[in-house]
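So the chains spell out like this:
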Amino acid sequence: MLTDFYMMAQNPDDDLGIGVKLETRPKTKRPPLYKVLILNDDYTPMEFVVHVLERFFGMTHAQAFELMLTVHKKGIAVVGVFSYEIAETKVALVMDFAQRHQHPLQCTMEKE
Ligand code: TYC
């Protein structure tokens, strides 16, 4: 919703067709959002994925179990939408946690 006002010369004879743009308010763009996705694999235990979703994405056990099953069946799912910094941190935390437990679970992010 942009509203720009143009002030033209007062005397129509002086009007050279050059408008002076007056900003009504500063332009502020909302920062882009990023989807955090979790991918299926054949080896990570289902309970581990459920635990990850509870621990890092604040889901209840029921929500986490349902989303884990969605990923298991469909291959991929969005687990949340965040600012760049939060998404990056969540991905790093999940990847580190999975690696430390020697599971091949993959977590990634993409611009919305
Ligand atoms: N497919 C895994 C299994 O059968 C479970 C799983 C679900 C793994 C979701 C990763 O993101 C995942 N043990």
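Residues numbered from 1 in each chain as written. Predicted model: local features only at pLDDT ≥ 70, side-chain atom pairs only at ≥ 80, totals over all residues. Heavy atoms only, no water.

(A) Looking closely at the site of the ligand. The ligand sits among Ile-38, Leu-39, Asn-40, Asp-41, Thr-44, Met-46, Val-49, Met-68, Val-71, His-72 and Leu-105. In isolation the ligand offers 350 Å² of accessible surface; the protein chains occlude 89% of this area. Of all the secondary structure elements, the ones that give two or more residues to the shell around the ligand are strand E3 (34-39), helix H1 (46-57) and helix H2 (61-74). At three residues, H2 tops the list of elements feeding residues into the shell around the ligand. Split into classes, the residues belonging to the shell around the ligand amount to seven nonpolar, three polar and one charged. (Near = heavy atom within 4 Å. Areas by Shrake-Rupley, 256 points an atom, 1.4 Å probe, with all protein chains shown as cover. Helix = DSSP H or I, 4+ residues; strand = E, 2+ residues; numbered from the N terminus. Nonpolar A, V, L, I, M, F, W, Y, C, P; charged D, E, K, R; others polar.)

(B) The arrangement of the environment of Pro-104 in detail. Of note, Pro-104 is situated in the loop between helix H3 (84-100) and strand E5 (106-111). Along the sequence, Pro-104 and Leu-39 sit 65 residues apart, while their C-alpha atoms lie 9.8 Å from each other. With near-sequence residues (within four places) excluded, Pro-104 lies in contact with Asp-41, Tyr-43 and Thr-44. (Contact = heavy atoms within 4.5 Å.)

(C) A look at the pairing of E3. For E3 and strand E4 (residues 76-82), the ladder comprises six bridges, and the chain directions are antiparallel. In the sheet register, Lys-35 faces E4, and the bridge partner there is Val-81. As paired elements, E3 and E5 share six bridges and run antiparallel to each other. If you follow Ile-38 over to E5, its bridge partner there is Cys-107. (Pairing = 2+ DSSP bridges.)

(D) Local environment of the confidence of the model for the protein. Summarising the model, the protein shows a mean pLDDT of 87, and 79% of its residues fall at 70 or more. This stretch, residues 1-15, has a pLDDT under 50; its non-local contacts, to residues over four places away or in other chains, come to 23 contacts. (pLDDT = per-residue confidence, 0-100.)

(E) Representation of the side chain of Thr-44 in the model. Residue placement: Thr-44 occurs in the loop between E3 and H1. When its relative accessible area of 10% is taken as the criterion, Thr-44 is described as buried. Looking at Thr-44, its side chain comes within polar contact range of the main-chain nitrogen of Leu-105, at 3.2 Å. Excluding residues within four positions of it along the chain, Thr-44 makes contact with Val-49, His-103, Pro-104 and Leu-105. (Buried < 20%, exposed > 50% of the residue type's maximum accessible area, 1.4 Å probe, protein only. Polar contact = N/O pair within 3.5 Å; in protein donor to acceptor, adjacent residues only side chain to side chain.)

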